[in-house]
There are 2 protein chains.
Amino acid sequence: MAEHIHADHCNTSMDHIPCDEMLYDLAELYKVFGDSTRVKILCILFEGEMCVQHISEMLSVSQSAVSHQLRILKGARLVKYRRDGKIVYYSLADDHVRKIIGCGIEHISE
Amino acid sequence: MAEHIHADHCNTSMDHIPCDEMLYDLAELYKVFGDSTRVKILCILFEGEMCVQHISEMLSVSQSAVSHQLRILKGARLVKYRRDGKIVYYSLADDHVRKIIGCGIEHISE
DNA sequence: CAAACATATGAATAACTGTTCATATGTTTA
DNA sequence: TAAACATATGAACAGTTATTCATATGTTTG
């Protein structure tokens, strides 16, 4: 939410140095990617939507831990969810995630 | 260094889920971007090479703190440096940095 | 409605991280 | 070579964070 407010005041292109608030928000965003559990969750969601339990099993991470991390991913607007009965399905919010992770992989595997 | 070893064993494209080691390395990379001081340093270096003292002044961050952060950026192969007398000039290692930060800004300002 | 199930959440703890301070290393110049 | 300067680095401390555990919320089914 706050990101939007800041972002509107700043330039999006890389022609000039982004303003301070934007750089702060940017760091906040990358912090979200800076945890292997969260990155793994995101990559699992590349395949399509998935429920919490399934994610938990695939990663061998407790349901609680996954849920906590999903909350953070939600907060960064990286994932969205829909409820179907008692099951909640999570999926990627948009294509930025794929792009950002793609950029990172490019750097590591250069 | 280790990243290279892992990366070679994994797929770079996004067709399949990247392997565990790669996702771990990826999180490590994003962790580096996940600090506003470091992001600011990187953005300052968009303008070209710059010495430690100058960076320190521009950010109003102590010389020591900047130096510590530059070490981390160096470790992630995001910046390179050259020594000219007593002054050390830092600059971006390659264009990945610009790309990664560009992706991030795109997301925040959507 | 009660029991079972799926998910979310608050508190606590252990591990990690960024800054500061003091000092070391390396380079120039007087 | 001594002093001054630029940078690097180790230790310590404060603040942050990810997981666990216990439990709450919300949903279905018997």
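These remarks concern the structure in this document. Numbers given for residues are sequential positions, taken from 1 along each chain in its written order. Numbering of ligands from 1 and lettering of chains from A proceed in the order in which they are written. Given that this is a predicted model, residues contribute local features only at a pLDDT of at least 70 and side-chain atom pairs are listed and counted only at 80 or more, while totals for whole chains, interfaces and linings are drawn from all residues. Working from all heavy atoms in the structure, the side-chain values ignore hydrogens and water.

Here's the deal with the protein's contact with DNA strand D
Think of it this way: one heavy atom of a residue within 4 Å of a molecule or strand is enough to make that residue near it. What surrounds DNA strand D is a group of 25 residues, the closest being Arg38, Ser64 and Gln69 of chain A together with Ser64 and Tyr90 of chain B. Of all atoms in DNA strand D that approach within 4 Å of the protein, 67% are sugar or phosphate atoms. Definition of a polar contact: a pair of N or O atoms within 3.5 Å, with one able to donate and the other able to accept a hydrogen when the atoms are protein atoms, and with sequence-neighbouring residues admitted only if both atoms are side-chain atoms. Serine 64 of chain A is positioned such that a nitrogen or oxygen atom in its side chain is 2.6 Å from a base nitrogen of DNA strand D. Within the side chain of glutamine 63 of chain B, one N or O atom sits 2.9 Å away from a base nitrogen of DNA strand D. Each residue gets one of three labels, nonpolar for Ala, Val, Leu, Ile, Met, Phe, Trp, Tyr, Cys and Pro, charged for Asp, Glu, Lys and Arg, and polar for the others, Gly among them. For the surface near DNA strand D, a count of residues per class yields seven nonpolar, 11 polar and seven charged.

Some details on the side chain of histidine 96 of chain A
By the secondary structure assignment, histidine 96 of chain A is in helix α6 (residues 96-108). When its relative accessible area of 13% is taken as the criterion, histidine 96 of chain A is described as buried. Note on conventions: DSSP H or I runs of at least 4 residues are helices, E runs of at least 2 residues are strands, and numbering of each starts at the N terminus. A 1.4 Å probe rolled over the protein chains alone gives each residue an accessible area, and that area as a share of the maximum for its type sets the label: buried under 20%, exposed over 50%, partly exposed in between.

A few points about the packing of helix α3 (residues 36-46) of chain A against helix α2 (residues 20-33) of chain B
Comment: axis = line fitted to C-alpha atoms, over the contacting stretch for helices; angle = value between 0 and 180 degrees taken between N-to-C directions. Two numbers describe how α3 of chain A lies on α2 of chain B: the axes approach to 8 Å, and their chain directions differ by 120°. What the angle tells us is that α3 of chain A and α2 of chain B run oblique. α2 of chain B is crossed by α3 of chain A, and the crossing has right-handed handedness. Contacts from Ser36, Val39, Lys40 and Cys43 of chain A in α3 of chain A reach Asp20, Leu23, Tyr24, Leu26 and Ala27 of chain B in α2 of chain B. For the contact of α3 of chain A with α2 of chain B, the residue count by class is six nonpolar, one polar and two charged. For classification, angles of less than 35 degrees are called roughly parallel, those exceeding 145 degrees roughly antiparallel, those between 65 and 115 degrees roughly perpendicular, and all remaining angles oblique. By the definition used in this description, the sense in which the near helix is turned from the far one sets the handedness, with an anticlockwise turn below a right angle giving left-handed and a clockwise turn giving right-handed. A contact between two residues is defined here by any heavy atoms of the two lying within 4.5 Å.

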